[in-house]
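Structural characterization, general
Listed here are the chains, written in short residue letters.
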Amino acid sequence: MKRPRLGILISGRGSNMLAFIDACARGELDADIAVVLSNKPGAGGLEKAAAAGIPTACIDHRDYASREAFDAALVGELERHDIDAVVLAGFMRILTPVFIEPFYGRLFNIHPSLLPKYPGLNTHQRALDAGDAEAGVTVHFVTPELDGGPPVLQARVPVLAGDSAETLAARVLEQEHLIYPLAIRWFLEGRLQLRGDGACLDGEPLPPTGIDFCAQPR
Ligand code: GAR
């Protein structure tokens, strides 16, 4: 049987992408990373992917007259690589239906907050400003609503006295690297689906905020 092929989209350093490379190398994820795409020529993750022998491409959004034209170029590149699932890993562009529709149900994002709290940017600072006792991260299916698709998995971390946005982000990032490959593993195993408006695992609808990772058997 053909091994599933992942396309990973990044805009920056690519630590989540590296978590996928490591999960594949360790055999925890039975998939090939077929291509890593960036919208930023200088994204540090591009070099890291190339060093791991993974094909990379940069599609610079500034070369396109509209979001739709940029999205169509991304779709074309991913289709050229015969992608089964798309992993947005710190990809900092808002996507239009031109991108979302062809990959609907096999398109995932990781967002550094406990959605539905804090969609958008500066999530850690917003959690600190609100005096939240905990912060976290959500893996979700992507739908046209920004950071609004059905959650699959969430991990929580405590907010500690003296935390800055940076220290909190680092604590959350450790969890990101655990939950994102796990969610994609469930999907590739055929256990995770987007049905109607909700996510299902093993045929059961997931809670509105997804599965609580801390409550998962390891
Ligand atoms: C991660 O924290 C990810 O959750 C966040 O960007 C960072 C990328 O880091 N994503 C978003 O904010 C999406 N709106 P990485 O490049 O090291 O994976």
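First things first, this report covers the structure right here in the doc. In this text the structure is predicted, and so the values were computed from the model without any measurement.

Rules and cut-offs
Residues numbered from 1 in each chain as written. Predicted model: local features only at pLDDT ≥ 70, side-chain atom pairs only at ≥ 80, totals over all residues. Heavy atoms only, no water. Core = buried A, V, L, I, M, F, W, Y, C linked by side-chain atoms within 4.5 Å. Buried < 20%, exposed > 50% of the residue type's maximum accessible area, 1.4 Å probe, protein only. Helix = DSSP H or I, 4+ residues; strand = E, 2+ residues; numbered from the N terminus. Contact = heavy atoms within 4.5 Å. Salt bridge = Lys/Arg side-chain N within 4 Å of Asp/Glu carboxyl O.

Of all hydrophobic cores here, the largest spans 67 residues; its most connected members are F99 and Y180. If one sorts the elements of this core by residue count, helix α6 (residues 165-188) sits on top with 8 residues. Beyond its immediate chain neighbours, meaning those up to four positions away, F99 contacts L9, D71, L74, V75, L78, V86 and L107.

Before going further, it helps to examine the pattern of salt bridges. When charged atoms on two side chains of opposite charge get close, those side chains can pair. For the structure shown, the criterion picks out 13 salt bridges. Where D30 meets R3, a salt bridge forms, and the shortest distance between an N and an O atom there is 2.6 Å. Taken as a pair, D30 in the loop between α1 (15-25) and β2 (32-38) and R3 in the segment before β1 (5-10) lie far apart in primary sequence, 27 residues in all. The exposure class assigned to D30 is exposed, which follows from its relative accessible area of 51%. According to the relative accessible area criterion, R3 is partly exposed, its value standing at 36%. In this structure, D32 engages R3 in a salt bridge whose closest nitrogen and oxygen atoms are separated by 3.0 Å. Taken together, the positions of D32 in strand β2 and R3 in the segment before β1 put the pair 29 residues apart, joining distant regions of the chain. In this structure D32 comes out as partly exposed when scored by relative accessible area, which is 31%. Among the charged side chains, a salt-bridge network with shared partners connects R185, E189, R191 and D202.

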